[in-house]
Amino acid sequence: MKVRQPLYYKQFKCTMSKCKDNCCRASWDIEVDEDAIDYYKSSIYEDKLMDSIEDTEGYDCFKKKNGACVWLEKNGLCGMYGRFGEEYLANVCVQFPRFTEYFGDFKEVGIGCACEEAVRIILESDLNFKLEEKNDPAGDDCDDEADEKILNFVFTLREELFKLFSNKKISTSRKLTIYLNVCSELQDVLNSEEFVTVDKDYKNLIKDTIDNVTFDVKHKPAYKDDISAEIEEILMAFFEVPDMEEEYEEAHTKLEKLIAKKYPGKKIIKAFRDSLNVIEKQGRAEDYDKFIIYLIYRYLGKAVFDGDILLKAKLAVAMYICLRLFDIYCLETNNNVMTLEDRIEQIKMISRQFEYSEDNMEQLTEDFLFEEGFSRAAFRRILAVFY
């Protein structure tokens, strides 16, 4: 089996006790896979190991103590690893924050933004995103074969988007508008009967669509009307999710109060623009593009199986707006300073809140489909404010 991975993938190494926000202390449950349980039951340490596991809503998970995995020791290291060895670790403990997506005879791997070290590596990587491919002799082909036509379509589009977001001459908000509009147009192509029945090379169509939309968006003026209603609806949606991380809930509550007190109505537009000026002067503007490229790499490929590229574009826009909102809060509380550490904390918080909660991602998907505040038109109005 072939495996593709970002060039920065092999840089990741768990920082263990040096990590400021250990994944073993997170609010999520740590699921124990069946292979690990079978291994525990065959071990001379069976009683000790199985006693650390409990049923959590139908899943076998490690018990928690003081909000952390029962195996986490005071020095920030894993007691199971220290006492019994790496072979005893559950699969999720070995893999996190790595993720894998299978596409028939090849797979793609990456590192997720719920880990501070992974975010650091992504933000310190080159904006010109590249993948490398190698053979994985131990890998098994996935049972679910990917349709070759839609796979080529989605991956051609994704490669062009990598190029788009590495273009420093176009602002992130305009690039996201291009991404949104292109996916809207190409979604109609994917949904057409012709795509299913006619054998056709869509590479030129994808490139022409991006070129035409880019020309159009680059010449559009900034939006100056009141967007407070759209922002309020998005803030409410970001807050009314099934799972709420404590850190995110606290920051979101303070953000809402700040906007209501200092930036009501059209004042929010000035807050967005002022915060972007500060971010650009402090050399942190490329963080947006790198985060979005990560989202494109991780999620757009899933359209090979569900056929929905527009939802993946909306996810990237929503995460960008969320990050821009927290920029306002961060700069307000940090005397107009945005450090690399601040940015890492922001992205990690947002990633844990949404990417690593199945319920929250499902809620966002419903919002993208049915809520006016998450429509393409509403997103375009907000993005145009950032021009």
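Right above here is the structure, for reference.
Fair warning: this is a prediction, and the values are worked out from it, not measured in the lab. (Residues numbered from 1 in each chain as written. Predicted model: local features only at pLDDT ≥ 70, side-chain atom pairs only at ≥ 80, totals over all residues. Heavy atoms only, no water.)

## A short note on the sheet that holds strand β1 (residues 2-6)
Taken in spatial order, the 4 strands line up as β6-β7-β1-β8 in an open sheet, and their pairing is mixed. Bordering the open sheet on either side are β6 (98-103) and β8 (131-135), each of which pairs with just one other strand. On average, each strand axis in the sheet is tilted by 25° relative to the strand beside it, whichever way the strands run. When β1 meets strand β7 (residues 106-111), the two strands line up parallel, connected through 3 bridges. Looking across to β7, one finds that R4 is bridged to E108. In the packing of helix α6 (residues 148-165) onto the sheet, the strands contacted are β1, β6, β7 and β8, and the crossing angle to β7 comes to about 35°. (Pairing = 2+ DSSP bridges. Helix = DSSP H or I, 4+ residues; strand = E, 2+ residues; numbered from the N terminus. Axes fitted to C-alpha atoms, helices over the stretch in contact; angles between N-to-C directions. Contact = heavy atoms within 4.5 Å.)

## Observations concerning the packing of aromatic side chains
The tally for this structure, following the rule as stated, stands at 32 aromatic pairs. On the numbers, 6.2 Å between centres and 50° between planes, the contact of F99 with Y297 is tilted. With F99 in strand β6 and Y297 in helix α13 (residues 286-299), the pair connects residues that are 198 residues apart, well separated along the chain. Comparing F99 with Y297, the two get one shared label, buried. Their ring planes at 70° and their centres at 4.7 Å tell us that F272 and F386 sit as a pair that is edge-to-face. Residue F272 is located in helix α12 (residues 267-281), and its partner F386 is located in the segment after α18 (376-385); the two are separated by 114 residues in the primary sequence. Like F386, F272 is buried. Among the aromatic residues, those joined into a ring-pair cluster are F238, Y248, F326, F354, F368, F374 and F379. Positioned over the ring face of Y387 is R174, at 4.0 Å from the centre of the ring. Above the face of the F99 ring, R298 is positioned so that its terminal group lies 4.2 Å from the ring centre. (Phe/Tyr/Trp six-rings, centres within 6.5 Å; stacked < 30°, edge-to-face > 60°. Buried < 20%, exposed > 50% of the residue type's maximum accessible area, 1.4 Å probe, protein only. Lys NZ or Arg CZ within 6 Å of the ring centre and 35° of its normal.)

## A few points about empty space enclosed by the protein
Scanning all chains against the criterion turns up 3 cavities of 30 Å³ or more. Estimated volume of the largest cavity: approximately 60 Å³. In terms of lining residues, the largest cavity is bounded by Y8, I122, S125, D126, L127, F129, K290, I293 and Y294. Here the element with the most residues in the lining of the largest cavity is α13; it accounts for 3 residues. Its residues placed into classes, the lining of the largest cavity shows 6 nonpolar, 1 polar and 2 charged. Estimates place the volume of the second largest cavity at around 40 Å³. Broken down by secondary-structure element, the contributors of at least two residues to the lining of the second largest cavity are β6 and α13. For the lining of the second largest cavity, the leading source of residues is β6, giving 3 residues. For the lining of the second largest cavity, the class distribution of residues is 3 nonpolar, 1 polar and 5 charged. (1 Å grid on protein atoms, 1.4 Å probe; cavity = no way out; pocket = protein on both sides within 12 Å on 5 of 7 lines; lining within 4 Å. Points joined across faces, edges and corners; volume = space filled by probe spheres on them. Nonpolar A, V, L, I, M, F, W, Y, C, P; charged D, E, K, R; others polar.)

## What to know about the pairing of strand β2 (residues 53-56)
Judged from the 4 bridges that link them, β2 and strand β3 (residues 59-62) form a sheet pairing that is antiparallel. Note that in β3 the partner of D55 across the bridge is D60.

## Some words on a negative patch on the surface
Together, E31, E34, D35, D38, E54, D55 and D60 make up a region of like negative charge exposed at the surface. Looking at the negative patch, the element that brings in the most residues is helix α1 (residues 34-41), giving 3 residues. Secondary-structure assignment places D55 in strand β2. Its relative accessible area of 57% is what places D55 among the exposed residues. (Patch = residues over 30% accessible without salt bridge, like charges linked within 9 Å, V, L, I, M, F, W, Y side chains within 5 Å. Areas by Shrake-Rupley, 256 points an atom, 1.4 Å probe, with all protein chains shown as cover. Salt bridge = Lys/Arg side-chain N within 4 Å of Asp/Glu carboxyl O. Lys, Arg positive; Asp, Glu negative; His and termini not counted. Charge placed at Lys NZ, Arg CZ, Asp CG, Glu CD.)

## Focus: helix α5 (residues 116-123)
For α5, the buried fraction is high: 8 of the 8 residues fall into the buried class. Within the span of α5, buried status applies to E116, E117, A118, V119, R120, I121, I122 and L123. Looking at the packing, one finds that the buried side of α5 touches β7, α13 and α16 (340-355).

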